[in-house]
Amino acid sequence: MAGAFPINDAVTAPEPALVWPPSFPASRDEVTASWVRETLQPHPRFRGDPIRDVELRDLGDGLGQLSALTLAELTCRSGRRQQLVIKLHAAVPEMHQVALAYGHYQSEVRFYAEMAPGVPMRTPDIYVSAMDPACGRVVIVMEGFGAWHSPDQIVGANADEVIIAVSALSGLAATYWNDPPIRQFPWLRSPDSPAYASLPRDYAACVPILLDRFERDWPGGSARPLKQIAGSYARIQQALLRRPQVVAHWDYRVENLFYGADGEFAVIDWQLMRTDVPANDLAYLLACNVSAGLRRDIEADMMARFLAGLREQGVLDYQQVDLELDYRLALLSISAILVIGGANADIGNARSRKLFSTIGARLLAAIDDWQATDLIAAL
């Protein structure tokens, strides 16, 4: 299809090869058994063992905020069974527009098609990674992790799960330390990318909507910093650029993390990825994915583990004081996920509402604990 991508001129596609979808479904209703067969039959893993049966199940709303997910259970002629996840664009129109405006779909499609093999984390095997910009639709077909465990973000991760996730983060940060591969992957965004030019304005516009929806869920006065951040977000973006830059997942929440029985660990959902300060994913993981009490108990240890992991991989010029500064900056920056997401989410969905209420309470507590807004005056 003219104008569609992935564009993979300079990078050899990972094995197994990607295939192109015959169409881009408008919704999960258009993901049918016949569409799955037609899409996947050309793939090398199915050419000699055709798909016989397809069972489909919606994975529900409120799980992926920027996507619509379908689980496909495949049975091949040989009797081999395989579980795949089919990911489409967001079903909620407001969230779909957010993803289009900030280039989230394009980033993930190109990440899986071009960049994933070089990332020092297990990512899912990908069968389809494609987008049609003309209609703003996306199709990603990926390995399912049905036998693995992924924590519930509302419940929160436990300390052992956080330790594994932090160890993996050190590897991601060290791989691209202060030299993110933007020249090799020009679609890789940074805090000053044109896609984010409207972010300060969008943030300010969304704060009143967010507070109208959720402020009553939070302790009195705890949401006040969001208004202060809203008036300073452009300066926060510039401050990030003056710090060391790495590749950041930017949505390192526990529902995007999968834990295998044998200590395996995998990361999905790279829609929001961009360059950022080394503490970005660490701050989001700790401030939004564990209870405030557990965060306070393990935060110092997790920061020490992250620094030790960097040093083991040769990063020696980044100290505790640097990490703490970047951590505080990241707490301000990642509040955009709460503000933009919470203002545009479908709060008629009970799980979506509970998710953003919970994230907000945790993040606001972390901002207060670290007195992060005190940084703004010096930016």
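Residues numbered from 1 in each chain as written. Predicted model: local features only at pLDDT ≥ 70, side-chain atom pairs only at ≥ 80, totals over all residues. Heavy atoms only, no water.

Peer 1: Explain the packing of helix α9 (residues 280-289) against helix α11 (residues 320-344) here, please?
Peer 2: As a packed pair, α9 and α11 sit with axes 8 Å apart at the nearest point and diverge in direction by 65°. When the interaxial angle is binned, α9 and α11 end up roughly perpendicular. With respect to the hand of their crossing, α9 and α11 are arranged in right-handed fashion. From α9, Asn-280, Leu-282, Ala-283, Tyr-284, Leu-286 and Ala-287 reach across to α11, where they touch Leu-323, Tyr-327, Ala-330, Leu-331, Ile-334 and Ile-337. Classifying every residue of the contact of α9 with α11 by side-chain character gives eleven nonpolar, one polar and no charged. (Axes fitted to C-alpha atoms, helices over the stretch in contact; angles between N-to-C directions. Helix = DSSP H or I, 4+ residues; strand = E, 2+ residues; numbered from the N terminus. Parallel < 35°, antiparallel > 145°, perpendicular 65-115°, else oblique. Left-handed = near helix turned anticlockwise from the far one by under 90°. Contact = heavy atoms within 4.5 Å. Nonpolar A, V, L, I, M, F, W, Y, C, P; charged D, E, K, R; others polar.)

Peer 1: I would appreciate a short explanation of the pairing of strand β4 (residues 126-132) in the present structure.
Peer 2: In regular strands, side chains alternate between the two faces of the sheet. With respect to burial, β4 is a largely interior element, seven of its seven residues being buried. In terms of strand pairing, β4 meets strand β5 (residues 137-143) through six bridges, oriented antiparallel. Paired with Ile-126 across the strands is Met-142, a residue of β5. Between β4 and β5, which pair antiparallel one after the other, the connecting turn spans four residues, and Gly-136 there sits at a positive phi close to 70°. (Buried < 20%, exposed > 50% of the residue type's maximum accessible area, 1.4 Å probe, protein only. Pairing = 2+ DSSP bridges.)

Peer 1: Quick question: what am I supposed to make of α9 here?
Peer 2: Think of an α-helix as 3.6 residues a turn; residues three or four steps apart then line up on the same face. A large share of α9 lies buried, amounting to ten of its ten residues. Among all positions in α9, only Asn-280, Asp-281, Leu-282, Ala-283, Tyr-284, Leu-285, Leu-286, Ala-287, Cys-288 and Asn-289 are buried.

Peer 1: Honestly, the layout of surface pockets in this entry has me stumped. Any pointers?
Peer 2: One way to see where empty space is left: roll a probe the size of a water molecule over the atoms. Here the second largest pocket defines a volume of roughly 260 Å³. Taken together, 16 residues form the lining of the second largest pocket, with Ser-222, Pro-225, Leu-364, Ala-365 and Asp-368 sitting closest to its centre. Counting residues per element, the ones that place at least two in the lining of the second largest pocket are α7 (224-230) and α12 (350-369). The greatest single-element share of the lining of the second largest pocket, amounting to six residues, is contributed by α12. Here the lining of the second largest pocket is composed, by residue class, of eight nonpolar, four polar and four charged. (1 Å grid on protein atoms, 1.4 Å probe; cavity = no way out; pocket = protein on both sides within 12 Å on 5 of 7 lines; lining within 4 Å. Points joined across faces, edges and corners; volume = space filled by probe spheres on them.)

Peer 1: Whenever I open this one, the pattern of salt bridges confuses me. Can you help?
Peer 2: Pairing between side chains becomes possible if they bear opposite charge and their charged atoms approach one another. Applying the stated rule across the entire model yields 20 salt bridges. Close ionic contact of Arg-253 with Glu-255 constitutes a salt bridge, the shortest N to O distance being 2.7 Å. Across the pair, exposure class does not vary: Arg-253 and Glu-255 are buried alike. Note that Arg-296 and Asp-369 form a salt bridge whose closest N and O atoms lie 2.7 Å from each other. (Salt bridge = Lys/Arg side-chain N within 4 Å of Asp/Glu carboxyl O.)

Peer 1: How should I be thinking about the packing of aromatic side chains in this particular structure?
Peer 2: The description of two aromatic rings rests on the distance between their centres and on the angle between their planes. Applying the stated rule across the entire model yields 13 aromatic pairs. When the centroid spacing of 5.9 Å and the interplanar angle of 75° are considered together, the rings of Trp-20 and Phe-24 count as edge-to-face. Residue classification places Phe-24 among the buried residues on the basis of a relative accessible area of 6%. On the basis of an interplanar angle of 15° and a centroid distance of 4.4 Å, the ring pair of Phe-111 and Trp-270 is categorised as stacked. Of this pair, Phe-111 sits in helix α4 (residues 104-115) while Trp-270 sits in the loop between β8 (265-267) and β9 (274-276), and the two are 159 residues apart along the sequence. Here Phe-111 and Trp-270 have matching classes, each one buried. Among the aromatic side chains, those forming a connected cluster through ring pairs are Phe-111, Tyr-112 and Trp-270. Directly above the aromatic system of Tyr-196 lies the positively charged group of Arg-274, at a separation of 4.8 Å from the ring centroid. (Phe/Tyr/Trp six-rings, centres within 6.5 Å; stacked < 30°, edge-to-face > 60°. Lys NZ or Arg CZ within 6 Å of the ring centre and 35° of its normal.)

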